[in-house]
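Coordinate inspection notes
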Amino acid sequence: MSDRYGNFVKSSIGKKVAKNLGLPLPVGLDRFESGQRLVRGSALIGSATGDDSRVSQAIARILSEMHVEVFVNSDDGIKEALADAGVEAKASTSGEDKYKVLLFDASNISNASELKQVYEFFHAVARRVERSGRVVIIGRPPEAADDIETALAQRALEGFIKSVGKEFKRGITAQLIYVAQGAEQNLDSTLRFFTSARSAYVSGQVIRVGNGTAIDIDWTQPLGGKTMLVTGASRGIGEAIARVLAREGAHVICLDVPQQQADLQKVASEISGSTLLVDITTDDAGEQIADAAQKRGGLDAIIHNAGITRDKTLANMDEQKWDMVININLASIAKLNKYLLSHDVVNQDARIVCVSSISGIAGNLGQTNYATSKAGVIGLVDATAKQLASGDKGITINAVAPGFIETQMTEVIPFAIREAGRRMNSMSQGGLPIDVAETIAWLASPASGGLNGNTVRVCGQSLLGA
Ligand code: NAD
């Protein structure tokens, strides 16, 4: 879709005009391409002082496997963990070095005054983060803290990281990862995602990594040998999801309504996937999916992406518009999950990912039906996550909540509202379908067993509902 303002401010005159008028200045975001290194630049790593080195050890191990060039401050305790993991960390300098990644282990921070260590680490290098850089803090979930002092300090990190996301600009993202005690070995997929260009349009997020089972995988082909179903795969975000999952090695069953047959077949044949022409609201949709899945040994992931909008203010909304949106976006997902989970179609350690929306978090004018359905999706994920956690199949469920993504769905929004939606975020631009797809590929990975019940916004840290 054309973004005339975005193109204008890329020219030298446009840049000057925008700067003088205080208008948003979107920069081109780094996005991952096959064959590239995950982190294109160096990383400065730090840690708060304390006795528990489990998070630092996990960070050191993961960075050594990612072959990232690591810098460290001379007095930082994380040096020992890095040395143990065989990482030859270079001494940081106070000079001109720039970093692609700033990563800080805050897991030992246990009171308000110790938060000063976060200030000290980031203050010194706040002007030295590269364009499309990554800022990540790892802490412990405040709700599991033993005392009030620890809980408040860990919770405080959320305000810090969200402010960094808004301040740093230039395509730099900032996230907080809360890892449960003993779940440090589950950090791999999450750290790889958030330090890389794959998370281009995800910022200001708080992620919880828990004690599920993360499966060891071949990182060059993370989804190799897996069968994954994507609904609404003929175009837009669904098409991008199917392409990214296939790029990562999965066989994708591409599902869409019969009217979309030609587009669906094109996508499926380009990624060597298969097609399934089913309207997800029909009574036998579950059976049809089960038949197709069982021929391929069951499903390793279900991506509930299909969705529609039928916008009208509540006073003007007819019953059909309400029913249709609730039925496709919400009721059918609940029905399909129930059927597929109870008919032995979903494999051990499978992943379910649902596409919600920031409209479901913030609400939106003219979208009572849509926002209800998308908030319901988050409710469904929360409740199902609890149920799955008590099961023995290692299945997880998470949601993504996209903000303004450049697709046919957003193309029809009136100009002024569209321009506001596109700019009101820390990236000053809309996201692309691939940004949602990369996020889903992370959640759908067998290595993401520690993620269950998260709702991750893919919205460039939109101001809506934040
Ligand atoms: P889109 O309209 O381009 O694609 C949606 C796809 O779902 C289409 O291929 C459509 O045929 C299919 N579909 C619709 N009803 C179906 C049914 N009953 N059975 C099977 N397939 C059906 O939309 P998109 O922008 O790619 O959106 C994909 C998802 O992302 C939706 O759930 C949407 O609500 C969500 N989302 C989009 C944005 C955005 O900015 N585009 C923002 C937030 C959330």
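Structure: see above.
Residues numbered from 1 in each chain as written. Predicted model: local features only at pLDDT ≥ 70, side-chain atom pairs only at ≥ 80, totals over all residues. Heavy atoms only, no water.

Regarding the site of the ligand
For the ligand, the set of nearby residues contains 29 residues, the closest of which are Arg235, Ile237, Asp256, Asn305 and Tyr370. Between the ligand and Arg235, the relevant distance is 2.7 Å, taken from an oxygen atom to a side-chain nitrogen or oxygen of the residue. Within the backbone of Ile405, one N or O atom sits 3.0 Å away from an oxygen atom of the ligand. If the ligand stood free it would expose 830 Å²; the protein chains cover 94% of that surface. At the level of secondary structure, the elements contributing two or more residues to the shell around the ligand comprise α8 (236-247), β9 (251-256), α13 (368-389) and α14 (408-411). Looking at the shell around the ligand residue by residue, the class counts come to 14 nonpolar, 11 polar and 4 charged. (Near = heavy atom within 4 Å. Polar contact = N/O pair within 3.5 Å; in protein donor to acceptor, adjacent residues only side chain to side chain. Areas by Shrake-Rupley, 256 points an atom, 1.4 Å probe, with all protein chains shown as cover. Helix = DSSP H or I, 4+ residues; strand = E, 2+ residues; numbered from the N terminus. Nonpolar A, V, L, I, M, F, W, Y, C, P; charged D, E, K, R; others polar.)

Side note on the sheet that holds strand β10 (residues 274-277)
In spatial order, the strands read β10-β9-β8-β11-β12-β13-β14; together these 7 strands make up an open sheet with parallel pairing. Strands at the two margins of the open sheet, each flanked by one partner only, are β10 and β14 (455-458). Neighbour-to-neighbour, the strand axes of the sheet open up by a mean angle of 20°, direction not taken into account. Together, β8 (227-231), β9 and β11 (299-304) form the strand contacts of α8, whose direction differs from that of β8 by roughly 170°. Strands β11, β12 (346-355) and β13 (396-402) of the sheet are contacted by helix α11 (residues 319-342), whose axis makes an angle of about 180° with β12. (Pairing = 2+ DSSP bridges. Axes fitted to C-alpha atoms, helices over the stretch in contact; angles between N-to-C directions. Contact = heavy atoms within 4.5 Å.)

Quick notes on the pairing of β11
With 6 of 6 residues buried, β11 is to be regarded as a mostly interior element. Across 3 bridges, the pairing between β8 and β11 is parallel. Bridge pairing links Val230 to Ile303 in β11. Taken together, β11, α11 and β12 constitute a β-α-β crossover, and its handedness is right-handed. (Buried < 20%, exposed > 50% of the residue type's maximum accessible area, 1.4 Å probe, protein only. Right-handed = clockwise from strand over helix to strand, strands pointing away.)

Considering the sheet that holds strand β3 (residues 90-91)
With parallel pairing, 7 strands are arranged side by side in an open sheet as β3-β2-β1-β4-β5-β6-β7. The open sheet is flanked by β3 and β7 (205-209), the only strands paired with a single partner. As defined by bridge partners, strand β2 (residues 69-72) adjoins β3 across 2 bridges and the pair is classed as parallel. The residue of β3 that forms the bridge with Phe71 is Lys90. Against the sheet, helix α5 (residues 116-123) contacts β1 (42-47), β4 (99-105) and β5 (129-139), and its axis sits at roughly 165° relative to β4.

Things to note about the nonpolar core
Leu103, Ile138, Leu245, Val252 and Ile303 are the most contacted members of the largest nonpolar core, which totals 73 residues. Built from parts of two domains, this core gets at least three residues from each of domain 1 (31-209) and domain 2 (227-458). Setting aside its immediate chain neighbours within four residues, Leu103 contacts Leu44, Ile45, Gly46, Ile59, Leu63, Phe121, Val136, Ile138 and Leu191. Of all hydrophobic cores here, the second largest spans 35 residues; its members include Leu255, Ala285, Leu336 and Ala399. (Core = buried A, V, L, I, M, F, W, Y, C linked by side-chain atoms within 4.5 Å. Domains from an automatic or database assignment.)

Re the side chain of His251
Checked against the element boundaries, His251 lands in strand β9. Not counting residues up to four positions away in its chain, the partners in contact with His251 are Lys226, Thr227, Met228, Ser272, Gly273, Ser274 and Arg296.

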